[in-house]
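Each chain, letter by letter, is given below.
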Amino acid sequence: MTVAVITGAASGIGAGLARLAAAKGMQVVLADRDLAGLEQVAQAIKAGGGTALAVPTDVTEQASLNALADHAYTAFGQVDLLFNNAGVLSTGNCWEISEAQWQQSWQVNVNGIVNGLRAFVPRLLKADRPARIINTASVGGFMPSPYMAPYTATKFAVVALTESLASELAAVNPQIKVSLLAPGPVKTAIFRETPTQASTQFHGMMTSLLEQNGLSSDEFALRVFAAIARGDYWIVPQPEMLDPLLQTRSKMIESRSDPVFAWAPEAAH
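Let us look at the structure shown here. (Residues numbered from 1 in each chain as written. Predicted model: local features only at pLDDT ≥ 70, side-chain atom pairs only at ≥ 80, totals over all residues. Heavy atoms only, no water.)

What to know about the packing of aromatic side chains
- Scanning the model with the defined rule gives three aromatic pairs in all.
- Measuring from centroid to centroid gives 5.8 Å for phenylalanine 83 and phenylalanine 225, while their planes differ by 55 degrees, and the two rings are tilted. Note that phenylalanine 83 is positioned in strand β4 (residues 81–84) and phenylalanine 225 in helix α7 (residues 217–230), a separation of 142 residues in sequence. A single burial state applies to phenylalanine 83 and to phenylalanine 225, both of which are buried.
- A centroid spacing of 6.0 Å and a plane angle of 55 degrees characterise the contact between phenylalanine 142 and tryptophan 234, whose relative ring orientation is tilted. With phenylalanine 142 in the loop between β5 (131–136) and α5 (149–172) and tryptophan 234 in strand β7 (residues 234–235), the pair connects residues that are 92 residues apart, well separated along the chain. (Phe/Tyr/Trp six-rings, centres within 6.5 Å; stacked < 30°, edge-to-face > 60°. Helix = DSSP H or I, 4+ residues; strand = E, 2+ residues; numbered from the N terminus. Buried < 20%, exposed > 50% of the residue type's maximum accessible area, 1.4 Å probe, protein only.)

This is the structure in structure tokens:
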């Protein structure tokens, strides 16, 4: 038996991961604050013969993540895959984005992962058996973007957090592996917000990019689970979206050149 816990599972990447995990015969624990979407995904999995436990969860609250862990271990007695996947995105000039939006970005994208680690890692260590933690960052965690400062700043933080986590767990218990998931364009509703005046054109460009180049969440999930099966730390399902730009960025930093916005960033999850 394999048990997968997935936050942000009510839609997008999280829902795609949940559907594939269930199709692979895993017991799936779904977590999200979107109760209607959460139940819809759970019911679809059950209708297909899978096992899904839907747990309403707010990743910004430590008590909510603790309760999620309680539900998972009470129901199934173990956790093998932990997907810290919940995320939000706000667009606009960084000085015009509201304090509430900035706080939400940090609370969900970064603290949501920290809260998940605090809830699950002690239990994983106590179980002393193989497991894997997958933290969702973004191609935007390597490539900053105008009009998405809260998103790219928090995803940069996730990249750093995940590397630190991997080193710490390798020292404490190498059975618990870590992966960093960096999505490129995936057809989701992350750009559901109404854009500010400053970001209207950018918002339209990103939405168009999703429609033209985005993977479906189910195709994306296939690539993610293939990487997990290989034991990859760096899970970059769309390397063509990152690698050339990352090389350019590395040269820019090495040469101390002024930053230039020369790419169309992804819409993640």
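As for the sheet that holds strand β2 (residues 27–32)
- The strand order β3-β2-β1-β4-β5-β6-β7 describes an open sheet built from seven strands, whose pairing is parallel. Every interior strand has two partners, whereas the edge strands, β3 (51–56) and β7, have only one.
- Two elements, strand β1 (residues 3–7) and β4, share three bridges in a ladder whose sense is parallel. Looking at the pairing, isoleucine 6 lines up with phenylalanine 83 of β4.
- On top of the sheet, α5 reaches β5, β6 (176–181) and β7; it is set at about 165 degrees to β6, its chief contact.
- Relative to the sheet, α7 contacts β4, β5, β6 and β7, its axis offset from that of β4 by approximately 130 degrees. (Pairing = 2+ DSSP bridges. Contact = heavy atoms within 4.5 Å. Axes fitted to C-alpha atoms, helices over the stretch in contact; angles between N-to-C directions.)

Structural notes on helix α8 (residues 239–254)
- Between its first and last C-alpha, α8 extends 22 Å over 16 residues, near the 22 Å set by a 1.5 Å rise per residue.
- For α8, the set of buried residues is Met241, Leu242 and Met252.
- The first or second residue beyond α8 is arginine 256, which carries a positive phi of 60 degrees. (Expected span 1.5 Å × (residues − 1).)

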